[in-house]
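A structural walkthrough
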Amino acid sequence: MLAVPLAPAPAQVTRTAYWARLLPALAALACVTRIPSFVRPLWNPDEGYLAVQARLLAQGGHLYETVVDRKPPLVPWLYEAVFALCGSGSLAPVRVLAVLAQALTAVLLASLARRRWGDTAGRTAGVLYLLVSVGLNPEDAQAATFEVFILPCTAAALWCADRGRWAAAGAAVACAFLAKQTGGAVLLPVAWLLHRAGTPRAGAVRLAAGFALPVGCAALATDPAGFLFWTVTGSAAYASFTGSELLVLGRCLGNTAILAVACAGLLPPVLRTLRTGRAAAADLWVWLAASAVAVAAGFHFFGHYYLQLTPPAALLATAALRLLPRERLTAAVLTSAGCCALFLTWGLFAPRPELAHAQRLATALAQRTAPTDRVLVWGMHPETYWLAGRTPATRYLTAGLLTNYSGGRDGPQVGEAYAVRGAWPVFRAEMAAHAPALVVDDSRGRPYAPARVPSLRRLLDTRYEEVGRVDGAILYARTPHG
């Protein structure tokens, strides 16, 4: 007798139909919100730093040894893999991955909201997240840098924890940490959910194991001592803002205001539910608070740091809107869409003078050197190496690691004495081993100018001579006896 196939359960049909409609819509919206990212070759120096790192790794460099940064290895490895597949001449393939990362984050948030509050809440969370995800200066929101790749990991951590999958939640927290240290802040809401689950001991063991395994493997795959130094213990001076208080405060207030504009549709329902005492689940507030601490960590307050606030903000707004009349939901979505259009217009048409400067400088550098020459760009724009197609003469790709100017500090704690521990002996050895054919002083009057850095000043005075200028940057070529 022939077996009759069983019909799918109604719940399964409903779930399949739901996602069959929602996934294409979220994918399309993710693509639309990321259109500006493809109109420029590069958005900010972090992209340039990652691009140069990836090239050096592809040429046989070793992370935390001959290729260094204060970041964990996941995103440099991601760039390296993309360059291996698609070539290193364009960041467009990495930008495609950024679109996928944003779409995945939206899907995970939609799934989390649907599980808690129903179908409408799922759609609302995914759409609101994508609309506010570009609500910053485009150089922060559209760049394919660390925070963009943190976001799906943090959303996955909450998604797993919400289902009691503690080992997977730990692994997701580890991936967030390995994308950038502040991604580890998502451990707080995960731990809160573990506490609420009622089985803390067994769950904590699985959570810890899930976290430790990926982090341990990453440390072993690089250099354990170097991994610990560059990601944890070697950044004490970087976190200090002594002498730069007004600069830091201004940046904090400015970027907070920009994100508040993007969240104009989300803030009213959240505040309304707070006033009426019907606030959302506590874990979402813990997530938002932990993300705020991550934004403040290091006292730099760059715009892209604020991206970590957008997933919990979208979920909090979704939770609030389900308690309000439906017209409030429509108003929130329309307001968010209008703000999103404003930020997309900004991204498409705003001038980027620093990119134009780096391109002109790279052209001059390429004209004055051979492809095999090593060069030194003394500044904060490592993209010049990538744009020019030249190899850095040192593992320190910006002056920041050698002067503590990283983060735009303008106070007294800038100079050789505030460099990363042990950096200057290594730098001097590299200059002696393979002296750059060309040195570009791109400080343009900033506190890390060679006049305030004796070791570099001596190098330029004894072995180099000025041969040109580009937009205020000074080019030095090696003298015959240099």
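Residues numbered from 1 in each chain as written. Predicted model: local features only at pLDDT ≥ 70, side-chain atom pairs only at ≥ 80, totals over all residues. Heavy atoms only, no water.

1. A look at the overall build of the chain
For the chain, the helix and strand inventory stands at 21 helices and 5 strands. Its C-alpha atoms give the chain a radius of gyration of 24 Å, near enough to 23 Å, the size a compact globule of 482 residues would have. Taken over the C-alpha atoms alone, the chain extends approximately 90 × 50 × 45 Å along its principal axes. Counting every position in the chain, which comprises 482 residues, the buried fraction comes to 53%. Residue pairs at least 24 apart in sequence account for 76% of intrachain contacts in the chain once pairs closer than 6 positions are excluded. Counting 42 positive and 26 negative side-chain charges, the chain places the centres of these two groups 10 Å from one another. (Helix = DSSP H or I, 4+ residues; strand = E, 2+ residues; numbered from the N terminus. Rg over C-alpha atoms; globule rule 2.2 N^0.38 Å. Buried < 20%, exposed > 50% of the residue type's maximum accessible area, 1.4 Å probe, protein only. Contact = heavy atoms within 4.5 Å. Lys, Arg positive; Asp, Glu negative; His and termini not counted. Charge placed at Lys NZ, Arg CZ, Asp CG, Glu CD.)

2. Some details on the environment of Leu-259
Relative to the helices and strands, Leu-259 is located in helix 12 (residues 245-262). Classification of Leu-259 as buried rests on a relative accessible area of 8%. Along the sequence, Leu-259 and Gly-135 sit 124 residues apart, while their C-alpha atoms lie 5.6 Å from each other. Beyond its immediate chain neighbours, meaning those up to four positions away, Leu-259 contacts Gly-135, Leu-136, Tyr-306, Leu-309 and Thr-310.

3. Here's the deal with the sheet that holds strand 1 (residues 374-378)
Here we have 5 strands laid out as an open sheet, ordered 2-1-3-5-4, and mixed in their pairing. Each edge of the sheet is formed by a strand with only one pairing partner; in this case those strands are strand 2 (391-392) and strand 4 (464-470). Pairing geometry for strand 1 and strand 3 (residues 438-441), over 4 bridges, is parallel. Among the inter-strand pairings, Leu-376 is bridged to a residue of strand 3, identified as Val-439. Contacts from helix 21 (residues 454-463) reach strand 1, strand 3, strand 4 and strand 5 (473-478) within the one sheet, and its direction differs from that of strand 4 by about 105°. (Pairing = 2+ DSSP bridges. Axes fitted to C-alpha atoms, helices over the stretch in contact; angles between N-to-C directions.)

4. Here we look at the state of the cysteines
Evaluated as defined, the whole model comprises 0 disulfides. Of all cysteine sulfurs in the structure, the one in Cys-340 sits closest to Cys-31, which takes part in no disulfide; the separation is 13 Å. For Cys-31, a relative accessible area of 43% gives the class partly exposed. The thiol of Cys-86 is unpaired, and the distance to the nearest cysteine sulfur, on Cys-31, comes to 16 Å. On the basis of relative accessible area, Cys-86 is assigned to the exposed category, the value being 52%. (Disulfide = S-S within 2.5 Å.)

5. Comments concerning the packing of helix 4 (residues 92-117) against helix 15 (residues 310-321)
Orientation of helix 4 relative to helix 15, taken along the N-to-C sense of each, is 30°, at an axis distance of 11 Å. One element, helix 4, and the other, helix 15, form an angle in the roughly parallel class. The two elements helix 4 and helix 15 meet at a crossing, and its hand is right-handed. Facing Thr-105, Leu-109, Leu-112, Ala-113 and Trp-117 of helix 4, the residues of helix 15 in contact are Pro-311, Leu-315, Thr-318 and Ala-319. Residues of the contact of helix 4 with helix 15, tallied by class, amount to 7 nonpolar, 2 polar and no charged. (Parallel < 35°, antiparallel > 145°, perpendicular 65-115°, else oblique. Left-handed = near helix turned anticlockwise from the far one by under 90°. Nonpolar A, V, L, I, M, F, W, Y, C, P; charged D, E, K, R; others polar.)

6. Digging into the environment of Ser-111
Within the secondary structure, Ser-111 is located in helix 4. Separated by 14 residues in sequence, Ser-111 and Ala-125 place their C-alpha atoms 8.7 Å apart. In contact with Ser-111, not counting residues within four places along its chain, are Trp-19, Trp-159 and Arg-163. Reaching out from Ser-111, the side chain makes a polar contact with the side chain of Trp-159 at a distance of 2.8 Å. Of the polar contacts made by the side chain of Ser-111, one reaches the side chain of Arg-163; its length is 3.2 Å. (Polar contact = N/O pair within 3.5 Å; in protein donor to acceptor, adjacent residues only side chain to side chain.)

7. So, helix 15
Between its first and last C-alpha, helix 15 extends 16 Å over 12 residues, near the 16 Å set by a 1.5 Å rise per residue. For helix 15, the buried fraction is high: 12 of the 12 residues fall into the buried class. Listed in full, the buried residues belonging to helix 15 are Thr-310, Pro-311, Pro-312, Ala-313, Ala-314, Leu-315, Leu-316, Ala-317, Thr-318, Ala-319, Ala-320 and Leu-321. (Expected span 1.5 Å × (residues − 1).)

8. Some words on the nonpolar core
Formed by 146 residues in total, the largest nonpolar core has its most connected members in Tyr-79, Val-190 and Tyr-306. The dominant element in this core, judged by the number of residues it contributes, is helix 7 (residues 146-162), at 13 residues. (Core = buried A, V, L, I, M, F, W, Y, C linked by side-chain atoms within 4.5 Å.)

9. As for the packing of helix 8 (residues 166-179) against helix 9 (residues 187-197)
For the pair helix 8 and helix 9, interaxial distance at closest approach is 10 Å and the crossing angle is 170°. Considering the angle they form, helix 8 stands roughly antiparallel to helix 9. Judged by the sense of rotation from one axis to the other, the crossing of helix 8 with helix 9 is left-handed. Across from Trp-166, Ala-169 and Val-173 in helix 8, the residues of helix 9 making contact are Leu-187, Val-190, Leu-193, Leu-194 and Ala-197. In terms of residue class, the contact of helix 8 with helix 9 is made up of 8 nonpolar, no polar and no charged.

10. Side note on the packing of aromatic side chains
Under the definition given, this model contains 11 aromatic pairs. Geometrically, the ring pair formed by Phe-302 and Tyr-305 is edge-to-face, given 5.7 Å between the ring centres and 90° between the ring planes. Members of the aromatic cluster, each reached through a chain of ring pairs, are Trp-378, Trp-424 and Phe-427. The ring of Phe-146 carries Lys-71 above its face, with NZ or CZ at 5.1 Å from the centroid. (Phe/Tyr/Trp six-rings, centres within 6.5 Å; stacked < 30°, edge-to-face > 60°. Lys NZ or Arg CZ within 6 Å of the ring centre and 35° of its normal.)

This is a description of form; function is not addressed.
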